[in-house]
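# Architecture and fold: a report
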There are 2 protein chains.
Amino acid sequence: METSLLDTAAAAASLCRAPAGMPRRAGSTANFLSCSSSSSSRDCRVSASYSHSISRMLSGVRSAARKKLFRADPADLLGVDTWSETGGAGQHQQVHWWTALEHNFVLEATDDEYGGVVVDADRLPVDKAAFARRLVASLSYWKSVGKKGVWLKLPVDRAEFVPLAVKEGFKYHHAEESYLMLTYWIPDEPNMLPANASHQVGVGGFVINDQMEVLVVQEKYCGSSLDGVWKLPTGFILASEEIYTGASREVKEETGVDTEFVDVVAFRHAHNVAFQKSDLFFICMLRPVSSQIKIDETEIQAAKWMPLEEFVKQPFIQEDHMFQKIMDICIQRLRKCYCGLTPHHVVSRFDDRTSTLYYNVAEPEDVNCSAA
Amino acid sequence: METSLLDTAAAAASLCRAPAGMPRRAGSTANFLSCSSSSSSRDCRVSASYSHSISRMLSGVRSAARKKLFRADPADLLGVDTWSETGGAGQHQQVHWWTALEHNFVLEATDDEYGGVVVDADRLPVDKAAFARRLVASLSYWKSVGKKGVWLKLPVDRAEFVPLAVKEGFKYHHAEESYLMLTYWIPDEPNMLPANASHQVGVGGFVINDQMEVLVVQEKYCGSSLDGVWKLPTGFILASEEIYTGASREVKEETGVDTEFVDVVAFRHAHNVAFQKSDLFFICMLRPVSSQIKIDETEIQAAKWMPLEEFVKQPFIQEDHMFQKIMDICIQRLRKCYCGLTPHHVVSRFDDRTSTLYYNVAEPEDVNCSAA
């Protein structure tokens, strides 16, 4: 065991040994593998597990050294007196040789299907200086093996790494509360990395009862142009929420009324709405299954069942091209002269997921659509 | 002029004067205004221009001091020997008194309609230490005047400010290539700040000619499950692009064929697709207005006009619930037993914008839909 550990450590260290008289540089990891840009994808998949394997090996070496299992000091074997690294504030510090080795390896990452790499956010170094060194080493290595896009996800507790990544040329891609995703496009060709989400999605519920009364609300915070008007309940769908679920949920939250989803009657597409992103708004027909109103007082001033004729006669509808058009559509839908899009669960093997397909094939059993 | 300048400077400085013997602390801006949480929105709008006015005043004071327009040294007047600040690396440095004043004021910001503030990204300090101090001062001030949400947009050239903001409790909201948006929710109640975009939007073009041949492509990079299949041209719409424009553009880019948009026949809604976001995919009917094929070789392996019957008989369609359903819909559409959603420009006063409304009111002039 001892002999093999020593041999392993020597082998690993020899890969890192700086030529005599020259300072050890980050980025010398380029010669670690023979995986070049012309290698097959199999060879590159070898590189994908390379840094992981090295990490485990070093972990074992480190553990053995602590337990003093080596017969000789590896530093003697490797022909160096001290292994020093530049710590914070420009100070050189003597570190254990295995730490020096570990600090200069590429970041843990896996290959994606498009010739890029995804850095493992769970295995980032804790130390800022180590991250900076390894990032430089990694970029040099990935460039040398012909990688294309690099995805670097920095959790919010690694916020200090953000300026370090930007300094090396990474760009912001997107962020969520818990992380910031940065990317680096290596080749000298158009950036093919996919963009992030571009649309917010809202729903509006057209809920009408047997007395031809529509469920309407007055909002507390709606901007001066809609101050005091009676409007349909609307809202954004939640993350990963279905349109047909979100519409009923918004109506329930704002008014207390339970509904069943019927169909999507139309949708509106607008741009540069919030954060310069686009907006898709789905107008949905819902059937009430309760009538008692209980409003959400944080957002809603009042809610009531209003005769449809009175609702559409409001000036804000009469004087607005879009609102008028939407109401025309809803009324056509009521008169069964119109077929909306109904939701259907479908399964696909190509992406292994269930999703919802909205369409209106006019089938005889579609009792809501007289066009059937 | 001189007297008034001195009086102004003294008045401003007196607001900042630390009680004798106590260190000056950031956050003492709380007593600058009488605008409390119970103030009217008008009073709070006064606060919105407060920091801007103070900046301009200080700018004038600074300019006057440089020109030695004061009769007496304001530092003497203000009763302090030196004004020191903590610079980088814990070193105290003597700074001009007006710089010390300026460094402790709130960040330039404007109020939004919901009781929150939006920090002016174009007027951020350049210096890290100044930003850190002013951020602390600002938060203290905004809390004292009952502000709710704080929006802090940090351009990428201020990446060094990111960890400083996170340290003060800011959370990531979203990011684009040029900036990172962070937010801070002040009140002890549910966070009401709106989320960012949640969906990517894709389009697929069903293009069929008079010979009942459908335009199909083989992609170069499509994942192993779709390797070698002939599929409809598909792609993501661009930022601020219309669905009806994007569908024709994707077909043109991939195959060289020009088309006219007819309608949306169906759409698919899926979740946790990319970056845990959702996906809306619109299947669009397009009419070809040219026939010659010229492929985009960066993404497309091959393209051709394929007899519809042969296309739908492909195993990947026959053996997949979703693809089969989509083809059934497209064929129904061809047979005019189905009405898609057509795009219509609408204008609305409520948000002052033109947008596109997709619907299928069965009007007699809609010659594509026999349900009309």
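Residues numbered from 1 in each chain as written. Chains lettered and ligands numbered in written order. Predicted model: local features only at pLDDT ≥ 70, side-chain atom pairs only at ≥ 80, totals over all residues. Heavy atoms only, no water.

## Here's the deal with the sheet that holds strand S4 (residues 117-119) of chain A
Residues and elements named next belong to chain A. Spatially, five strands are ordered S3-S4-S5-S7-S6 in an open sheet, and the strand pairing comes out mixed. Where the open sheet ends on each side, the last strands, each with one partner, are strand S3 (109-111) and strand S6 (171-176). If you compare each strand with its neighbour and ignore which way they point, the axes differ by 20 degrees on average. Strand direction decides the pairing type here: S3 and S4, joined by three bridges, are antiparallel. Within S4, the position partnered with Ala 109 by the bridge is Val 119. (Pairing = 2+ DSSP bridges. Helix = DSSP H or I, 4+ residues; strand = E, 2+ residues; numbered from the N terminus. Axes fitted to C-alpha atoms, helices over the stretch in contact; angles between N-to-C directions.)

## Some details on the interface of chain A and chain B
Across the boundary between the two partners, chain A contributes 86 residues, which contact 86 residues of chain B. Both sides of the chain A and chain B interface together cover about 7,400 Å² of buried area, and 61% of this is carbon and sulfur. The largest share of the area that chain A buries against chain B comes from Tyr 172, Phe 267 and Phe 275 of chain A, three residues that together contribute 11% of it. The interface formed by chain A and chain B includes four salt bridges. The partner of Lys 277 of chain A in a salt bridge is Glu 176 of chain B, and the shortest N-O contact between them spans 2.9 Å. Linking chain A to chain B there are 33 residue pairs in polar contact (both at pLDDT 80 or more). No other element matches strand S11 (residues 259-274) of chain A, which puts ten residues into the side of chain A that touches chain B. Taken together, the residues of the side of chain A that touches chain B sort by class into 48 nonpolar, 21 polar and 17 charged. When strand S15 (residues 353-359) of chain A meets strand S11 (residues 259-274) of chain B, the two strands line up antiparallel, connected through three bridges. Note that in S11 of chain B the partner of Leu 357 of chain A across the bridge is Arg 268 of chain B. (Contact = heavy atoms within 4.5 Å. Buried area = accessible area lost by both parts, 1.4 Å probe. Salt bridge = Lys/Arg side-chain N within 4 Å of Asp/Glu carboxyl O. Polar contact = N/O pair within 3.5 Å; in protein donor to acceptor, adjacent residues only side chain to side chain. Nonpolar A, V, L, I, M, F, W, Y, C, P; charged D, E, K, R; others polar.)

## Some details on the nonpolar core
Core analysis: the biggest nonpolar cluster contains 100 residues, and Ile 243, Phe 282 and Phe 311 of chain A together with Ile 243, Phe 282 and Phe 311 of chain B have the highest contact counts within it. If sequence neighbours within four positions are ignored, Phe 311 of chain B has contacts with Val 214, Val 216, Trp 230, Lys 231, Leu 232, Met 306, Ile 317 and Met 327 of chain B. Val 106, Leu 152, Ala 165 and Ala 175 of chain A belong to the second-largest nonpolar core, a separate cluster that totals 55 residues. (Core = buried A, V, L, I, M, F, W, Y, C linked by side-chain atoms within 4.5 Å. Buried < 20%, exposed > 50% of the residue type's maximum accessible area, 1.4 Å probe, protein only.)

## Here we look at the confidence of the model for chain A
All names here are of chain A. The predicted model of chain A has a mean per-residue pLDDT of 78, with 68% of residues at 70 or higher. In the model of chain A, helix H1 (residues 2-16) stands out as the element of lowest mean pLDDT, 37, in contrast to helix H6 (residues 162-167), which has the highest, 98. Low pLDDT, under 50, characterises residues 1-48; the predicted model gives this stretch 70 contacts beyond four residues in sequence or across chains. Within the model, the stretch residues 364-372 combines pLDDT values under 50 with 16 contacts to residues more than four positions away or in other chains. Reported for the predicted complex are a pTM of 0.72 and an ipTM of 0.72. (pLDDT = per-residue confidence, 0-100.)

## Looking at unusual backbone geometry
Unlike most non-glycine residues, Met 212 of chain A shows phi in positive territory, near 60 degrees. Within the secondary structure layout, Met 212 of chain A lies in the loop between strand S8 (199-207) and strand S9 (213-219). According to the relative accessible area criterion, Met 212 of chain A is partly exposed, its value standing at 44%. With a phi close to 65 degrees, Ser 240 of chain B is a non-glycine residue in the positive phi region.

## A word on the relation of the copies chain A and chain B
Two chain copies here: they are related by a rotation about an axis and a translation along the same axis. Expressed as a screw transformation, the operator carrying chain A onto chain B has a rotation angle of 180 degrees and an axial translation of 0.0 Å, and the superposed copies differ by an RMSD of 0.1 Å. This pairing of chains is accounted for by a two-fold axis. When the interface residues of chain A are mapped onto chain B, 100% of them again lie at the interface, so the same face is used by both copies. (Least-squares fit on C-alpha atoms with pLDDT ≥ 70 in both.)

## Section: the pairing of strand S5 (residues 149-155) of chain A
Residue and element names in this part refer to chain A. Burial analysis of S5 places five of its seven residues in the buried class, which makes it a mostly covered element. This β-α-β element, S4 to helix H5 (residues 128-144) to S5, shows right-handed connectivity. Note: S5 against strand S7 (residues 179-185), seven bridges, orientation antiparallel. By the bridge assignment for S7, Pro 155 is matched with Tyr 179. (Right-handed = clockwise from strand over helix to strand, strands pointing away.)

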